[in-house]
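So the chains spell out like this:
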Amino acid sequence: MLGVSARRTTLLSYSRQCLPRPARLYSTPTKTTNAPATAFAQVPLPHPDYPSLLAQREVPANHLVAMNGFLKRRTPYTILPTPLPDDRASALNSFYFTDSPTQDQLAVMDACLHNLYDVPRAKQIFDQLRTSKSREPLLESRIYNSFLEAYIHMAFVKEPEDRTLWVEDACHLYDLMEKGTDRVHPTASTYAIMLLAWRRFNPESDTPVHLSDLPNPTTLLSNIVERDISPTAVVADRVLASSEEASDIIKLLTKSAVDLNHPRILAELGQAEFLGSHVPDPLEGVPEVKPVLRLATPSEEILDENGNVIPAQPQEEVPFNLNNLRSHLAQVTLARRVLPEDLASRQKLLEESVYDVAVERLRHEAKLFDELGLGNRELHRADLQKWMWDWHQKLKKRLEAEIQEIIAAEAKISQNKQVQQMGPFLSLVKPEKLSLITILEIMRLQGSGGVSDGMKTARALLTVGRAVENEYKAEMCKRNHIAIPSHARPSEFTGYFTGLGYKDLHARRMTAAKYMEDSEEWTSEWTQVLRVRVGSILVDCLMDSATIERTAVDKRTNEEIKENQPAFYHAYEYVRGQKLGVIRLNPVVSERIAKDGLRETLHPRHLPMLVKPKPWLNHDQGGYLYNRSAAMRFKDCQEQQTYLEHATALGNVELVYAGLDVLGSTPWKINRNIFDIVLKVWNSGERLCKIPPAVYDQPEPEKPPNMNTDIKAKSVYGTRLKAFMQDKANNHSDRCSVNYKIEIARAFLGDTMYLPHNLDFRGRAYPIPPHFNHIGDDLSRGLLMFGEAHPLGEKGLRWLKIHLANLYGFDKGNFDERVKFVMDHIDDVYDSAEKPLDGNMWWVKADDPWQCLATCMELRAALESGDPHAYMSSLPVHQDGTCNGLQHYAALGGDVKGAAQVNLSVTDRPSDVYTYVANMVEKVLQEDLNNGDKYAAMLSGRVSRKVVKQTVMTTVYGVTYIGAREQIERQLKDRKDIPEEECWGASAYLAKRVLSCIGDLFSGAKAIQTWLNLCARLISKSIPAERVPDALQAHKARKRQGSLLPKNRIRKEQMSSVVWTTPLGLPIIQPYRKTKRKQVMTAIQSVFISDPNAPAEVNAVKQASAFPPNFIHSLDATHMMLTALECRTQGLTFASVHDSYWTHASSIDKMSEIIRDTFIALHSSDVLEKLATEFRTRYASHKVPLASIRSGQLLKNLQAAGVRIVASSEQANALRQGGFTSFDNIIDVSDKEAGSIAQISKKTETEVPQPMQTEAPKPTQTETPKPKTGKRGRPVKNVIMIEGAKKDVSTVMVHEEGNDDCAGEDDVDSILVDKFVDLGAVLPPLPKKGDFDVETIKKSQYFFS
């Protein structure tokens, strides 16, 4: 007879499992401690989810070939349907673009399920959605699983007396999933829940439920096998809360596997049992405390040869532990190591206990304050931490009472009433955390949004509501103990751009994303309205609870007077003529924020990380370990999120996520030398290099003596006083901002830190921590160094000197001149490094003084090290593009002249287009000066490169005169040598001169800009072909009812945003639509917010004007990502600030080569031709109303661009007879070719959609409505008045403005009303490309320098 130990070992052999064995041998006992270590290797764990990739891979001989091939391939598009107008609906539209009411229902459902708050109500909403959205795949399997889990817990925990009903509901829902009735199918979690239900409620359990529908383990295992789901994933699911439950379910499945004769399943379950019993040793070779062992009892007696019973020797065995199994599975599934425990645990602590730590710190400081302050009045000063502790204590009690009152009041309301209940949402997070969230978020928002000493009310309410939502989701993530995947690359890494490399990236990300999703509970997104309502309750309670005691001395009696005042109060102010609600801080609190430490007001999602960020696995999974972040910063646009979700699912954006991972994994550290100097300056309270003084140090303007008699003197004084007050307020705001930076830098001294990144909607990457990062100002950059040091080398030392010259402002000489500049000032460099605050302070005069000082110190340290070439340098060295937007335009258009201006051509010294324009302007000013112009006299000799730089840079982005004037005004004010009251007039004069001097300087760029603008304008005017008949029928039906004129329905159907795909596969969606705001009544004020879930028609003007700059920004973002990936492939440290690329000094030459290679590869892929092809593919079925292009300047621009429309002679004659001769210039008449113009008929009467709003009665023919007038008797634009049956009642409909080329579209009997042209037929041809060869850039020294 086999011994117990031997039998248990052989059970894990796959070959033995293939033989028929007695059932009792398959009880899968737990693994003994002395078992062979080879057991793990004997049975490889089957894992169908993880991809089987080829082991043998060949690294391409030239990785640039792979990159060029990747960029020249046909870019995969993500194409989704155009959103429908808000008064139309369809199943497809609801699937892609969930409306706010449905999203609200999902959020309520989620909140009611949390901790079984109100499961019956959640079930009611769930059943309604299943009925109303039955044909829409809106409700995913995780929602169904959440309900299954809630039903089982209700039956077992909350309502055991009604367990039969709850279990019956669970069985019914499971049956629906198994049959696929609702297009939702079971997952591993589904089977884990149903196995748990059997364990708890089978007829032989302690709480039996006698239902024939309750599936038994054998049935469940059959379905698991049929659906090819791993049993190990089932038994390791998060639903199983205890190791005992998991162990019992393994035994149930093992018995069923024997009955069903599934040897593979038996092997896998045996492996799972082993993994669960095996305690991993993370410190191999180090003696460790033994785990608690339990005595094992033999399952059978052992007899000797005489038949006598041998006394059993109790064996020690490790108890089964579910967490061990999950930890092992995380490593197997992700095929990566879990993050190092020490730093990971610190990061976890930083994220998960922020509010607890804040409370403890405040409690400790308040206690210490009370102890020290006994009997000593001087210590009872106003203290920010003590105030916050007092507010927290009061607000916590207030919230506990308030939430209970809300829940009690809502309980009395019938569930049938359509009232959004707040109780479920306020119960998601404990009142103690709600209190801290509210206080910290309001304190953090101080001075934001252009409001000094306060914040906009709408922004405050939204931010607090979103913070509550984020905390709830972070708690859900932390509760499930999910392992975090790391950044380790596979050993056979073949590069990012090869076919195998890309597939490997996709497979690894999908596997990790599926693991993360399966491990998390389902949670719903909140709508903007819901966030505002939750935030308003919390902020209102804070404003009622938070008070401070202010003390003053009566000047007459010298008595001390004390008064309690609110810490926060609500007020209104006017901004650009609009009344704006604001929440202000008491002045004493505001002053204290600028002086006291701000550690307590910082949330971890606003801080750098101590470990490498979580790799981006999905559109909302990446960055911080537990605080959920979005991969893209959506701008009130649901389309952007939907496109990114689907592009991710299709595997189109793998390199974008990989690029973000590269940027996030760059290590940083604080430059201690700079920090010490900054701290000394800060504590002194003096002004130095944009560190603002503690007390504003500029004198207040003096009141002129003749102010009451001289109107001009009074006006000048008023202007100067207003500027003084604004500067004083800005000084305080800047002081608070610098305080944040210094506090964060202080907290991370001595640590290596990381900056998780995400994207804006154009694909540009930004660090997520907002207060302290390398994209920040000169101070932030000066405080940061790379976390790794590399030896300088000879070339690195030279680049360090060039970098210093660039930072000082001497960046227009050639490289040798820059090196000479530094060596000529080497004494100043040493003086700055050794005596930064006591020497001659040469560094203070630099363009970027703090970075200059850091470089001075680095250069001195290298030169004094004895061997400068071996000096280990951590300082980032930059390579900056020359007017990078123009560089892309010149490469796109092959513009030889433009290329020379922006250093794409080979030159001996760098070109400087800004200085060139400044000199041109000075010549024009000299002519005006001779004619006696006062502004020419005022500005002569003062038009520097810096004054015109921003205007020149943004000219190719379509800057307007207004924008140019504002840019120049800011620069003139910074110079301080133009009187404050003259800055506005001088900037208006100078803006005209600058724009006229630029003229045709960038003619090549202008041609491409015009082409992009025209394409965007036509796309935004287009309508999908399937929507045209409905739109025509709708307006005709309404015309008969007398409510709307014809074109309004057509215009309402113009919902097409400009969408394009970057060469890396990222879909870019312009979010510009006509603003529709929703009014939300709160306890504080009425708040108007935009609803991103209710898309309005596009703003054609904004879509067109923004497309050229957005397209160029998407190109420079692509260039940066390509460079980041290539630098990682070649082992370089890399960071970027848009078009400024950073690496170690020793790596500059290699990075410079990569920058040029990636730029050439990008622009060798025929970017514009691919864009034109995408437009014709993406908008293939779109039609443009002829009425939309016949008015304004658009038709002339189309003619100038070379657009031709083919029309039959009959169509051309009809247009002429209708008086539309303007089309003659772009129409080619041909009866042989197929015409581009189509006349589209309406739908049949039975297909007429019912109007969704109440229509006004038809006006009588005898009444002629008078034009409506507004203020001062002026006629109101775009207003149609429709008289009702009663003469004193009228309905006024105001068109939304913002379409300047819609003039003349509202002719009632227009012959163009049902005539459309294919969008592809009117898209203009590409501008002719010039002769510049992009390969020339390889030889350009100053392309990036």
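As shown above, the structure is provided for reference.
Throughout, a residue's number is its position along its own chain's written sequence, starting from 1. Only residues with pLDDT of at least 70 are given local features in this predicted model, and only at 80 or more are side-chain atom pairs given and counted; all residues enter the totals for whole chains, interfaces and linings. Each side-chain value is derived from all of the structure's non-hydrogen atoms; neither hydrogens nor water enter the calculation.

Observations regarding the overall build of the protein
Secondary structure counts use DSSP, requiring at least four H or I residues in a row for a helix and at least two E residues in a row for a strand, with both numbered from the N terminus. Helix and strand counts for the protein come out as 50 helices and 32 strands. Residue exposure (1.4 Å probe, protein chains only): buried if accessible area is under 20% of the type maximum, exposed if over 50%, otherwise partly exposed. Across the 1345 residues of the protein, 55% fall into the buried class. The criterion used for residue contact is that any of the two residues' heavy atoms lie within 4.5 Å. Summarising the internal contacts of the protein: among those between residues at least 6 apart in sequence, 75% fall at separations of at least 24. Surface accessibility follows the Shrake-Rupley procedure with a 1.4 Å probe radius. Residue values consider only the protein chains on display as shielding. Accessible surface, the protein as shown: approximately 60200 Å² in total, 50% of it carbon and sulfur.

Considering the sheet that holds strand 32 (residues 1315-1318)
Spatial ordering of the open sheet is given by 19-26-32-29, a layout of four strands whose pairing is antiparallel. Looking at which strands have only one partner, the edges of the open sheet turn out to be strand 19 (1023-1024) and strand 29 (1237-1239). As paired strands, strand 19 and strand 26 (residues 1182-1185) are joined by two bridges and run antiparallel to one another. Bridge assignment links Ile1023 to a residue of strand 26, and that residue is Lys1183. By definition, two strands form a pair when at least two bridges between them are found by DSSP.

With respect to the environment of Leu116
By the element assignment, Leu116 lies in the loop between helix 6 (100-113) and helix 7 (119-132). On the basis of relative accessibility, which here comes to 14%, the residue Leu116 falls in the buried class. Taking C-alpha positions, Leu116 is 9.2 Å from Tyr151, a pair spaced 35 residues apart along the chain. Contact partners of Leu116, with chain neighbours within four places excluded, come to Ala150, His153, Met154 and Lys158.

Re the packing of aromatic side chains
The relation between two aromatic rings is expressed through the spacing of the ring centres and the mutual angle of the planes. To pair, rings of Phe, Tyr and Trp, with the six-membered ring standing in for Trp, must have centres within 6.5 Å; the planes then decide the type, stacked if under 30 degrees apart, edge-to-face if over 60, and tilted in the middle. Applying the stated criterion across every chain yields a total of 29 aromatic pairs. Aromatic side chains Trp843 and Trp850 sit 5.0 Å apart centroid to centroid with 50° between the ring planes, which places their arrangement in the tilted category. Judged by relative accessible area, Trp850 falls into the buried class, the value being 1%. Site record: aromatic cluster; members linked through ring pairs are Phe126, Tyr144, Phe147, Tyr151 and Trp166. Lysine and arginine charges are scored as sitting over a ring when NZ or CZ, respectively, is within 6 Å of the ring centre and within 35 degrees of the ring normal. Above the ring of Tyr77, the side-chain terminus of Arg74 is found at 4.3 Å from the ring centroid. Note that Arg735 overlies the ring of Trp682, its terminal NZ or CZ placed 3.5 Å from the centroid.

Topic: the nonpolar core
By nonpolar core is meant a set of buried Ala, Val, Leu, Ile, Met, Phe, Trp, Tyr and Cys residues that side-chain atoms within 4.5 Å join together. Membership of the largest hydrophobic core comes to 208 residues, with the highest contact counts inside it found for Trp850, Phe1111, Phe1175 and Ile1189. Counting residues in hydrophobic clusters, the runner-up holds 114 residues, among them Leu176, Val239, Leu269 and Leu538.

A look at helix 48 (residues 1194-1201)
All of the buried residues along helix 48 are Leu1194, Leu1195 and Leu1198. Buried residues of helix 48 fall within an arc of 100° about the axis and therefore sit on the same side. Seen from the open side of helix 48, the exposed residues pointing more than 90 degrees away from its buried face are Lys1196 and Ala1200. Buried residues belonging to helix 48 abut helix 41 (1003-1021), helix 47 (1186-1189) and helix 50 (1319-1322). What the arc measures is the spread of directions leading from the helix axis to the C-beta atoms.

A few points about the packing of helix 26 (residues 654-664) against helix 44 (residues 1100-1129)
For helices, the axis comes from a line fit to the C-alpha atoms of the stretch in contact; other axes are also lines fit to C-alpha atoms, and the angle between any two N-to-C directions lies between 0 and 180 degrees. In the contact formed by helix 26 and helix 44, the axes pass within 9 Å of each other and the chain directions differ by 65°. In this structure, helix 26 meets helix 44 at a crossing whose hand is left-handed. The residues of helix 44 that touch helix 26, namely those facing Leu655, Val656, Ala658, Gly659, Leu660, Val662 and Leu663, are Met1120, Met1121, Ala1124, Leu1125 and Arg1128. Asp, Glu, Lys and Arg are counted as charged, while Ala, Val, Leu, Ile, Met, Phe, Trp, Tyr, Cys and Pro are counted as nonpolar; the rest, among them Gly, fall into the polar class. Residue composition of the contact of helix 26 with helix 44, by class: 10 nonpolar, one polar and one charged. Here is the rule for handedness: rotate from the far helix to the near one, and if that takes an anticlockwise turn smaller than a right angle the crossing is left-handed, while a clockwise turn gives right-handed.

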